Amino acid sequence: MNKLYIGNLTENVTTVDLESLFKEWKIPFTGQFLVKTGYAFVDCPDDNCAMKAIDTLSGKVELHGKSIEVEHSVPKRQRSRKLQIRNIPPHLQWEVLDSLLAQYGSVENCEQVNTETETAVVNVTYSTKEHARQAIEKLNGYMLENFSLKVTYIPDEMAGQSSQQLPSQARRGFGQRGPPRQGSPNGTVRPKQQQSDVPLRIMVPTQFVGAIIGKEGATIRNITKQTQSKIDIHRKDNAGAAEKPISIHSTPEGCSAACKMIMEIMQKEAQDTKFTEEIPLKILAHNNFVGRLIGKEGRNLKKIEQDTDTKITISPLQDLTLCNPERTITIKSSIEACSKAEEEIMKKIRESYDNDMAAMNLQAHLIPGLNLKALGLFPQSSPVLPPPSVPPAYTPFGSYPNFCDVYEVSSIASGGQQLAQSESETVHVFIPALAVGAIIGKKGQHIKQLSRYASASIKIAPAEGPDAKQRMVIISGQPEAQFKAQGRIYNKLKEENFFGPKEEVKLETHIKVPSHAAGRVIGKGGKTVNELQNLTSAEVVVPRDQTPDENDQVIVKITGHFFASQLAQRKIQDILIQVKRQQQQKTVQSGQPQSRRK
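The rules behind these values
Residues numbered from 1 in each chain as written. Predicted model: local features only at pLDDT ≥ 70, side-chain atom pairs only at ≥ 80, totals over all residues. Heavy atoms only, no water. Helix = DSSP H or I, 4+ residues; strand = E, 2+ residues; numbered from the N terminus. Buried < 20%, exposed > 50% of the residue type's maximum accessible area, 1.4 Å probe, protein only. Contact = heavy atoms within 4.5 Å. Pairing = 2+ DSSP bridges. Axes fitted to C-alpha atoms, helices over the stretch in contact; angles between N-to-C directions. Phe/Tyr/Trp six-rings, centres within 6.5 Å; stacked < 30°, edge-to-face > 60°. Lys NZ or Arg CZ within 6 Å of the ring centre and 35° of its normal. Core = buried A, V, L, I, M, F, W, Y, C linked by side-chain atoms within 4.5 Å. Parallel < 35°, antiparallel > 145°, perpendicular 65-115°, else oblique. Nonpolar A, V, L, I, M, F, W, Y, C, P; charged D, E, K, R; others polar. Salt bridge = Lys/Arg side-chain N within 4 Å of Asp/Glu carboxyl O. pLDDT = per-residue confidence, 0-100.

**Some thoughts on the overall build of the protein chain**
When you go through the protein chain residue by residue, the secondary structure sums to 16 helices and 24 strands. The buried share of the protein chain, taken over its 598 residues, is 48%. Across the protein chain, every contact between residues at least 6 apart in sequence was considered, and the portion connecting residues at least 24 apart equals 70%.

This is the structure we're talking about:
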């Protein structure tokens, strides 16, 4: 792909003219220019030189009064399915580019090309030659955010082979593309190592953004190259704001290295501009992770402060909005100490993310057909709002690759039983007595809406006494209804500040089980209940010496955060289903119903 086609030449252009032009712009070439009437060909030593010639000369330089065109020279037999698209706006969202390409046919592969230009370049492979032809006709010269796209063929080595000879993966639609990409294709090299699903998000003073980017993007390119990371600087967000968010996508080590380089650049710029104020490191973290970062009674955060010799503060819950579910973690100390603290903080956040992902995946298996996307448990807006024309592909985290899946998951289908066949369950959730008004809402509107939304019966039991500190919410419905209703109650309590900024919402939940099945929940020597607690991180207790109620049932108490409680409930229901099946099998085998001893 090193041979170039040079077009739109006047008849009197000579080899000497072209050689002088390339030398003037310091573009290496090998061999002689092959000059024809109106066009010419030349070889470059490598792909980078060829790309430099295209980016520097095509449509930008005149020769004998005519603007020349430079593109890859592709033989007709290889003008098949592969295209190169240049001059892509540097901060264009991947979703916009993907949707634009998909208008002209099925895209098999789309990969980013590293260049020295501020604009981005991608190589695209369509599934058919006709799709590629339509794309090049429609997209070449297409204006996208005031940038004119340049589209050319690139050699398709497979063009001469039959479709049966193509690798099997190359014909499976988006099989080669990997996970969905978000963010902007800003000319950075994707890391070869395993990239973390959790990006590092930081806030930087607006006056330092120029220094971080550097002249013609040189500084930011150097950071991305050295740390093998992808960095999005959201310059256009929050116009006029004193600070701008930066998203760093890489391995945990790459994120930390890039963050440290950015801190060093800001410190140098502050010295050069005689900026005297302290520049702390500010990390953005979704509110759902902050409670676990802080730890019980703030122990986790205190340990990080002690281990790294830093001062760490976290913005209050009151600063959260529907459009900004992130909290700001401010770290003050030396650059070296701040960098160590960042590593520890992000380690905790990534652990929380992994735990939530595991919990959600297990939850989906435990409730077949559960649509986690439809549950609406978390804020449905982005801190980095996309342009109006761009559908918000991610809800609580902005433009993050893969990370979006943790709180907005596509519909999960599972074979076997359908939710409609699940039996209704009754669960008692205990909430602070002062929170009853918030759950009921004005004239009962909130609890009615919650009941309709979850398709569950939701009632609040009378207080046990005038000084009762807790009230019992009785929820009846199928598993998905329980998931929805309980999730919204947890969120409502957090939103209304019934739990402090350093507290994680943990509620006590009771479910009733047949007295003869209580032993199965406990297990021999408490083995089952201990395994249950280790698996779910919830506290599970079957109080001893209980007197069964009129339905011969006893209570199992579950205490924990939302996902922990949900997992424990589902596992206990699994045990009850197994007990019920065993009873049914015994009944069938005996040929008559078993009477219970009185």
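**Looking at the sheet that holds strand E24 (residues 553-560)**
The pairing of strands in a sheet happens through backbone hydrogen bonds and is either parallel or antiparallel. One open sheet holds the 6 strands; their spatial order is E20-E21-E19-E22-E24-E23, and the pairing between them is antiparallel. In this open sheet, the two strands that pair with only one neighbour each are strand E20 (457-460) and strand E23 (539-541). Adjacent strand axes in the sheet meet at a mean angle of 20°, parallel and antiparallel pairs treated alike. Here 3 bridges tie E23 to E24, and the two strands are oriented antiparallel to one another. Pairing of Val 540 across the sheet is with Ile 558, part of E24.

**With respect to the sheet that holds strand E1 (residues 3-7)**
Taken in spatial order, the 4 strands of this open sheet run E2-E3-E1-E6, and their pairing is antiparallel. Both edges of this open sheet fall to strand E2 (30-36) and strand E6 (69-72), since each of them pairs with a single strand only. Ignoring which end each strand starts from, the neighbouring axes of this sheet average 20° apart. Of the pairings in the sheet, the one linking E2 to strand E3 (residues 39-43) comprises 4 bridges and is antiparallel in character. Considered in E3, the bridge of Val 35 is made with Ala 40. Where helix H1 (residues 15-24) meets the sheet, its contacts fall on E1, E2 and E3, and the angle it forms with E2 comes to roughly 130°. On the sheet, helix H2 (residues 47-57) packs against E1 and E6 and is oriented at approximately 150° with respect to E6.

**A closer look at the packing of aromatic side chains**
The full count for this structure, using the stated rule, is 10 aromatic pairs. Between Phe 22 and Phe 33, the ring centres sit 5.1 Å apart and the planes meet at 75°, which makes this aromatic pair edge-to-face. Of this pair, Phe 22 sits in helix H1 while Phe 33 sits in strand E2, placing them 11 residues apart in sequence. Accessibility classification places Phe 22 together with Phe 33 in one group, the buried group. Members of the aromatic cluster, connected to one another through ring pairs, are Phe 483, Tyr 490, Phe 562 and Phe 563. A cation over an aromatic ring shows up here: Lys 484 above the ring of Tyr 453, its NZ or CZ 5.3 Å from the ring centre. A cation over an aromatic ring shows up here: Arg 488 above the ring of Tyr 453, its NZ or CZ 4.1 Å from the ring centre.

**Regarding the side chain of Thr 509**
Within the fold, Thr 509 resides in strand E22 (residues 507-514). Residue classification places Thr 509 among the buried residues on the basis of a relative accessible area of 0%. Excluding its chain neighbours within four sequence positions, the residues that come into contact with Thr 509 are Val 427, His 428, Val 429, Val 556, Lys 557, Ile 558, Ser 565 and Gln 569.

**Re the nonpolar core**
Counting 44 residues, the largest nonpolar core has Ile 202, Ile 248 and Ile 329 as the members making the most contacts within it. Of the residues forming this core, the biggest block, 9 residues, is contributed by helix H7 (residues 252-272). The contact partners of Ile 248, leaving out residues within four places of it in the chain, are Pro 199, Leu 200, Ile 202, Ser 229, Lys 230, Ile 231, Cys 255, Ala 258, Cys 259 and Ile 262. One finds Val 427, Val 429, Ala 435 and Phe 563 within the second-largest nonpolar core, a separate group that totals 43 residues.

**Regarding the packing of helix H8 (residues 287-294) against helix H9 (residues 299-308)**
Between H8 and H9, whose axes approach to 5 Å, the crossing angle comes to 70°. It follows that H8 is roughly perpendicular to H9 by the angle criterion. Only Arg 299, Asn 300, Leu 301 and Ile 304 of H9 make contact with H8, whose side of the interface consists of Arg 292, Leu 293 and Ile 294. Across the contact of H8 with H9, the residue classes tally to 4 nonpolar, 1 polar and 2 charged.

**Quick look at the pattern of salt bridges**
Think of it this way: side chains of opposite charge can pair up when their charged atoms draw near. Applying the stated criterion to the full structure yields 12 salt bridges. Put simply, Lys 303 and Asp 307 hold a salt bridge, and the shortest N to O gap is 2.7 Å. On the criterion of helical spacing, the pair formed by Lys 303 and Asp 307 is a turn pair, its members being 4 residues apart in helix H9. For Asp 307, a relative accessible area of 52% puts it in the exposed group.

**Some remarks on the confidence of the model for the protein chain**
Interpreting fine coordinate detail is not advised for predicted regions of low pLDDT. Looking at the protein chain as a whole, the pLDDT averages 77, with 76% of positions reaching at least 70. Across residues 187-193, where pLDDT falls below 50, the model places 20 contacts with residues more than four positions away in sequence or in other chains.

**Description of unusual backbone geometry**
Unlike most non-glycine residues, His 64 shows phi in positive territory, near 55°. Relative to the helices and strands, His 64 is located in the loop between strand E4 (62-63) and strand E5 (66-67). Not every positive phi belongs to a glycine, and Asp 545 is a case in point at roughly 60°. Its place among the elements puts Asp 545 in the loop between E23 and E24.

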